[in-house]
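Breakdown of the fold
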Number of protein chains: 2
Amino acid sequence: MASTIYDIAEKAGVSIATVSRVFNNSSSVSEKTKTKVLAVAEEAGYHPQVYAQGLASKKNNTVMAVVPVISNYFFMEVLSGIQDKLTEMRYELNIFNVTASGNIFEQVEHVIKRRWADGYLFISIHLDKKQWIQLQKYNVPITLVDEYFEGFDSVSVDNIQGAYKATIGLLKAGYARIAMLSAEESSKPIRDRVAGYKMALNEFGLPFCEELVVRGDTLYRDGFTERGGYEAMIKILTLEPPVDACFCASDIQAVGALKAMQDTGKFIPIIGYDDIELAEYMGLSTIRQPMRDMGFFATQNLIERLKNPSKAISQTIYTPELILRSSTN
Amino acid sequence: MASTIYDIAEKAGVSIATVSRVFNNSSSVSEKTKTKVLAVAEEAGYHPQVYAQGLASKKNNTVMAVVPVISNYFFMEVLSGIQDKLTEMRYELNIFNVTASGNIFEQVEHVIKRRWADGYLFISIHLDKKQWIQLQKYNVPITLVDEYFEGFDSVSVDNIQGAYKATIGLLKAGYARIAMLSAEESSKPIRDRVAGYKMALNEFGLPFCEELVVRGDTLYRDGFTERGGYEAMIKILTLEPPVDACFCASDIQAVGALKAMQDTGKFIPIIGYDDIELAEYMGLSTIRQPMRDMGFFATQNLIERLKNPSKAISQTIYTPELILRSSTN
DNA sequence: CTGAAAGCGCTTACAG
DNA sequence: CTGAAAGCGCTTACAG
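Residues numbered from 1 in each chain as written. Chains lettered and ligands numbered in written order. Predicted model: local features only at pLDDT ≥ 70, side-chain atom pairs only at ≥ 80, totals over all residues.

1. Some remarks on the overall build of chain A
In terms of helices and strands, chain A carries 13 helices and 12 strands. In terms of overall size, chain A is more extended than a compact globule, its C-alpha atoms giving a radius of gyration of 25 Å where 329 residues would be expected to give roughly 20 Å. By principal-axis analysis of the C-alpha atoms, chain A measures approximately 85 × 40 × 35 Å. Burial status across chain A gives 50% buried among its 329 residues. Taking all contacts inside chain A whose residues are at least 6 apart in sequence as the whole, residues at least 24 apart take part in 67%. (Helix = DSSP H or I, 4+ residues; strand = E, 2+ residues; numbered from the N terminus. Rg over C-alpha atoms; globule rule 2.2 N^0.38 Å. Buried ≥ 20, exposed ≤ 12 C-beta atoms within 10 Å, placed from the backbone. Contact = placed C-beta atoms within 7 Å.)

Below you can see the structure in the form of structure tokens.
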């Protein structure tokens, strides 16, 4: 019932090679036969099957995005940038979701081995140097987003600087006892952001107090959730002596934090991180990461490499920007 | 460099058939050769290629989600339910994003023809009856989410009832002049929600006033955005005589509406729609759609059909639920 | 501009 | 438990 290239060739009175050429736009087909083939194909509802094409041509015009959790605001924004570029370049998108429960490296390695896609976009996949080197051996085009390793193209934002800017902003506004609403400490972005926070305090000659860095108890998605933020802020508000202001590791946690302040009736200025679309509407001061741009640019970069494999490896690092809104007034 | 089944077979001193069997868990392989093959494969970093497997076996353990816009809160939640089920069943996920600029039917048809996946999940893809019937001819497993057509399995929520419940809720609270913050009128969910809104007014003997149904001017994503909500609420707040309360077509629009009220200093009770995770933290009353459950269940349904193609077609319709929070106090 | 033929890397009856 | 061989539906030099 589903027709193949043989059926079309037969009905159109040409060889399968010609049918293939028609669908691949190899110019060397006469207008006449082209029209004929297309008509027959349309009639039969025929289109080359991806798997057969992929096997025969060794490429499939597909890019695979490998992400830790699909339903997260950060990935959503990055993905939309990816989508835009992919659509423009007529590539298809595949998404692979590594599960938190399994070994990340093994999952990633498995995906690459299967050769699903022509190229891979790794979003917020954090591995150690040895593992990245091992992945290089597969000699597959990979672009890293929100991660840095000199052996692959990468697009990232300076997390240390972002956290530093947020903290300095609070410090300059006159607040001295500043808490950091954190998340799972082992996560790389958190480690960097804590470092930036520390660096700012240091510059102002203030001591770094372990107890001012607090996270919630819900560690789903490493604690980067409304709930994680809510729980942490509840704790922060009971700190003694009271805290003057708070730097939150993400906007989504800040949303929870805002709720915690409302519920307890205690308010302190807060700054978030990411600048997700919502932040503007919630009046949340934040550190902007150009998420869409990152996705867009990383994709462009990857496709360039697909077309020119010997292209020099490039590292792109964006500078995060402090956006002041009402939450710090 | 990348090794194939032939390399592994040779190094392990067996036939390619045996290697294939090892990777497909067909039990009839001795422990000994199995171990040997696996060792060689591991050493060589080998894993069967999806495209070759897909072509030879005519199946690829992949489900494709076809969505209108990937970065949207509703899809995000639905997708996370899909992911959970897929991971459990060891299927892979592919996402195809139909672009608003093109003809939806053609894009969808194209995807099906290419036979990317074993089965398809259509999320919020609205076609007319004739088009659905045409799609049936391809005889491909499809499950509809947030759409209804008797020829395919479907999982949806009763939008009319949801809007009805929201409006009745406002009416019972004593508000009479109720606006509806709407979006692109041609969108199917909007048509249904307007119908439910109308039905509730009718039940209370109130007239339906065209001018009380307003949308913003930004129609990106059919107006289901913070901005769309903001713009619409600004208009609503200038209506004369003033409106008593407002039913918003989505939570994300309600976020924009909240901001509009803050900016203008005029406040009216509002109810959103969806119950995205944020709603709870923003104290937003809303109509809950079990988004994750819908994704999860639709996926389960699809996989069952994959395993048993002659299974009877089923329609699942969830009942939306009114959740009251502070935005209606 | 077009066709015959080899090949892509697997799976799967069919034998044994 | 294992192998030889056909076949999946395409693409792509190679000829002409």
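2. A closer look at the protein's contact with DNA strand C
In the vicinity of DNA strand C, 26 residues are found, and the nearest of them are Ala17(A), Ile5(B), Ser20(B), Ala52(B) and Ala56(B). Breaking the surface near DNA strand C down by element, the ones donating at least two residues are helix H2 (16-23) and helix H4 (50-57) of chain A together with helix H2 (16-23) and helix H4 (50-57) of chain B. For the surface near DNA strand C, the per-class residue count stands at 13 nonpolar, 12 polar and 1 charged. (Near = placed C-beta within 6 Å. Nonpolar A, V, L, I, M, F, W, Y, C, P; charged D, E, K, R; others polar.)

3. A short note on the sheet that holds strand E8 (residues 245-248) of chain B
All names here are of chain B. Here 4 strands make up an open sheet; going across it, the order is E7-E6-E8-E9 and the pairing parallel. A single partner strand is all that each edge strand has here, and the edge strands are strand E7 (213-214) and strand E9 (270-271). The pairing of strand E6 (residues 178-181) with E7 spans 2 bridges and is classified as parallel. Each bridged residue has a counterpart across the sheet, and for Met-180 the counterpart in E7 is Val-213. Each of E6, E8 and E9 is contacted by helix H8 (residues 159-172), which is oriented at about 165° to E8, the strand it contacts most. Of the strands in this sheet, E6, E7 and E8 touch helix H10 (residues 226-236), which is tilted by about 155° from E6. (Pairing = 2+ DSSP bridges. Axes fitted to C-alpha atoms, helices over the stretch in contact; angles between N-to-C directions.)

4. What about the interface of chain A and chain B?
Listed per partner, the contact involves 37 residues of chain A and 37 residues of chain B. Those elements giving two or more residues to the side of chain A that touches chain B turn out to be H4, helix H5 (73-89), strand E2 (92-97), helix H6 (104-114), helix H11 (251-264) and helix H12 (277-282) of chain A. Sort the elements by how many residues they give to the side of chain A that touches chain B and H5(A) lands first, with 6 residues. In terms of residue class, the side of chain A that touches chain B is made up of 15 nonpolar, 15 polar and 7 charged.

5. Comments concerning the relation of the copies chain A and chain B
You can overlay chain A on chain B at an RMSD of 0.1 Å; the transform is a turn of 180° with a shift of 0.0 Å along its axis. Given the turn and translation reported, the copies of this chain are related as if by a two-fold rotation axis. Interface residue correspondence from chain A to chain B reaches 100%, placing this contact among same-surface, isologous pairings. (Least-squares fit on C-alpha atoms with pLDDT ≥ 70 in both.)

6. Some details on the pairing of strand E3 (residues 119-123) of chain B
Residues and elements named next belong to chain B. Across the 5 residues that make up E3, a large majority, 4, are buried. Judged from the 4 bridges that link them, strand E1 (residues 62-67) and E3 form a sheet pairing that is parallel. Looking at the pairing, Ala-65 lines up with Leu-121 of E3. The sheet contact formed by E3 and strand E4 (residues 142-145) spans 4 bridges and is parallel. Bridge assignment links Phe-122 to a residue of E4, and that residue is Leu-144. The parallel pair E3 and E4, bridged by helix H7 (residues 129-136), forms a crossover whose chirality is right-handed. (Right-handed = clockwise from strand over helix to strand, strands pointing away.)

7. Examining the domain arrangement of chain A
Think of interface size as the accessible area that goes away when the parts come together; that is how it is often given. Residues and elements named next belong to chain A. Domains assigned within chain A are domain 1 (5-48), domain 2 (62-157 + 291-318) and domain 3 (159-289 + 323-328). Taken together, the contact between domain 2 and domain 3 spans 8 residues of the former and 9 residues of the latter. Looking at the side of domain 2 that touches domain 3, the element that brings in the most residues is H5, giving 3 residues. Of the residues assigned to the side of domain 2 that touches domain 3, the class counts are 5 nonpolar, 2 polar and 1 charged. (Domains from an automatic or database assignment.)

8. Quick word on the nonpolar core
In terms of nonpolar packing, the biggest core is built from 180 residues, with Val66(A), Cys246(A), Val66(B) and Cys246(B) touching the most fellow members. Not counting residues up to four positions away in its chain, the partners in contact with Val66(B) are Phe96(B), Val98(B), Val108(B), Val111(B), Tyr120(B), Leu121(B), Phe122(B), Ile123(B) and Ile125(B). (Core = buried A, V, L, I, M, F, W, Y, C linked by C-beta atoms within 7 Å.)

9. A short note on the protein's contact with DNA strand D
The local shell around DNA strand D holds 26 residues, among which Ile5(A), Ser20(A), Ala52(A), Ala56(A) and Ala17(B) are the closest. Those elements that place two or more of their residues in the surface near DNA strand D are H2 and H4 of chain A together with H2 and H4 of chain B. Here the residues of the surface near DNA strand D sort into 13 nonpolar, 12 polar and 1 charged.

10. Thoughts on the sheet that holds strand E7 (residues 213-214) of chain A
All names here are of chain A. Strand order in this open sheet of 4 strands is E7-E6-E8-E9, and the pairing throughout is parallel. Two strands close off the open sheet at either side, each with one partner strand: E7 and strand E9 (270-271). Contacting strand E6 (178-181), E7 and strand E8 (245-248), helix H10 (residues 226-236) crosses the sheet at an angle of about 155° to E6. Across the sheet, H11 lies against E6, E8 and E9, angled at about 145° from E8, the strand it touches most.

11. What about the environment of Phe74(A)?
All names here are of chain A. Here Phe-74 shows up in helix H5. For Phe-74, a count of 24 C-beta atoms within 10 Å translates into the label buried. Once the C-alpha coordinates of Phe-74 and Ile-95 are considered, the two residues, 21 residues apart in sequence, prove to be 15 Å apart. The contacts of Phe-74, once residues within four sequence positions are left out, are Asp-274 and Met-291.

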